[in-house]
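# Geometric and topological summary
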Amino acid sequence: MPERSDPILLYHPDGYRVARQDLKGRHSAGESFLTAFLEHSQGRDIHALCANKAIGEDFQNAVQAGPGSCSPRVVGRNDIQAIRRQGLLHLPAPGIAEEARIRDFFGGDAYAISGVTHTISSREMLDGVADIAVAPVQQWDALICTSNSVHKALSGVLSQVEDDLRLRLGASRFTRPLMPVIPLGVHANRFTRNEFDRAKWRTKLGLAEDTVAILFFGRLSVHAKA
């Protein structure tokens, strides 16, 4: 494993594009991450694993339109040497179990895999986390938890699966990935207070000056967010 190198980003427009009709929090989080990554990479090459030519072109356009002066480098699935050289494949999603199975063809130490959590209560998400217990995930992989609550909930899911395997099959060894708690970053300059817009909307909504207003910008989903 290399001592340090920029990761290869697993890139798909669905993980990073916010110009869409079905905008969700994970899209916004992915766009914010990519913007910060480009801004602070200081002109280095930015590598991305892209499934096809069209996605590769989308990645190149995203990098060229972003901040900084980074150069996009598209990597294919068959370029295992490039992935080994960079040492880390980062996903804009939590699906590290599936990627670990792909990596296993090349050896568990070929490179590390990291992913990040978003919604944690959907069936697909919970199934994916439970799958970590039986996938060839390594102790140098990482599932980034965006809060202490997320860490507690997903640790509980893994513990339940491990207990079941222990009881039914006599399993005694389990490998968990790193699960660091790293809250999602915020571009503070995007939230600069604007007194003109504040006054305009309070007037439009008929709010008195001493009325407390709370603005919620997000997606409410009983089955996936509660």
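A quick note: this is a predicted structure, and the numbers were derived from the prediction, not measured.

Let us now look at the pairing of strand β3 (residues 71–75). As judged from the five bridges shared by strand β2 (residues 45–49) and β3, these two strands associate in the parallel manner. Bridge pairing in β3 links His 47 to Arg 73.

Moving on: helix α8 (residues 195–204). The N-terminus of α8 is capped by Asn 194, whose side-chain oxygen sits 3.1 Å from the backbone nitrogen of Phe 196. Gly 206 sits one or two positions beyond α8 and adopts a positive phi of about 70°.

Moving on: the sheet that holds strand β1 (residues 8–10). Read across the open sheet, the six strands follow the order β3-β2-β1-β4-β5-β6; overall the sheet is parallel. Bordering the open sheet on either side are β3 and β6 (142–144), each of which pairs with just one other strand. In this sheet, neighbouring strand axes are inclined to one another by 25° on average, regardless of whether the strands run parallel or antiparallel. Where strand β4 (residues 88–90) and strand β5 (residues 112–116) come together, three bridges link them in parallel fashion.

All right, on to the packing of aromatic side chains then. Across all of its chains, the model carries three aromatic pairs by this definition. Each residue in the set Tyr 11, Tyr 16 and Phe 59 is aromatic and connected to the rest through ring pairs, giving one cluster.

With that settled, the discussion passes to the pattern of salt bridges. One pass over the structure, following the stated rule, counts 18 salt bridges. The partner of Arg 168 in a salt bridge is Asp 164, and the shortest N-O contact between them spans 2.8 Å. Taken together, the residues Arg 168 and Asp 164, both in helix α7 (residues 148–169) and four residues apart, mark about one turn of the helix. Look at Arg 168 and you get exposed, because its relative accessible area is 55%. By relative accessible area, which is 33% here, Asp 164 ends up partly exposed. Here Lys 200 and Asp 197 are joined by a salt bridge, their closest N and O atoms 3.9 Å apart. With Lys 200 and Asp 197 both in helix α8 and three residues apart, the pair spans about one turn of that helix.

Another aspect to go through is the environment of Ala 100. With respect to the element layout, Ala 100 can be found in helix α5 (residues 96–103). Put simply, Ala 100 and Ala 29 are 71 residues apart on the chain and 23 Å apart in space, counted from C-alpha to C-alpha.

Of all five residues in β2, four are buried; the element is thus mostly enclosed. One ladder, built from three bridges, connects β1 with β2; its direction is parallel. Bridged to Leu 9 within β2 is Ala 48. Since β2 and β3 lie parallel, the crossover through helix α3 (residues 53–65) that links them has a hand, and here it is right-handed.

The rules behind these values
- Residues numbered from 1 in each chain as written.
- Predicted model: local features only at pLDDT ≥ 70, side-chain atom pairs only at ≥ 80, totals over all residues.
- Heavy atoms only, no water.
- Pairing = 2+ DSSP bridges.
- Helix = DSSP H or I, 4+ residues; strand = E, 2+ residues; numbered from the N terminus.
- Polar contact = N/O pair within 3.5 Å; in protein donor to acceptor, adjacent residues only side chain to side chain.
- Axes fitted to C-alpha atoms, helices over the stretch in contact; angles between N-to-C directions.
- Phe/Tyr/Trp six-rings, centres within 6.5 Å; stacked < 30°, edge-to-face > 60°.
- Salt bridge = Lys/Arg side-chain N within 4 Å of Asp/Glu carboxyl O.
- Buried < 20%, exposed > 50% of the residue type's maximum accessible area, 1.4 Å probe, protein only.
- Right-handed = clockwise from strand over helix to strand, strands pointing away.

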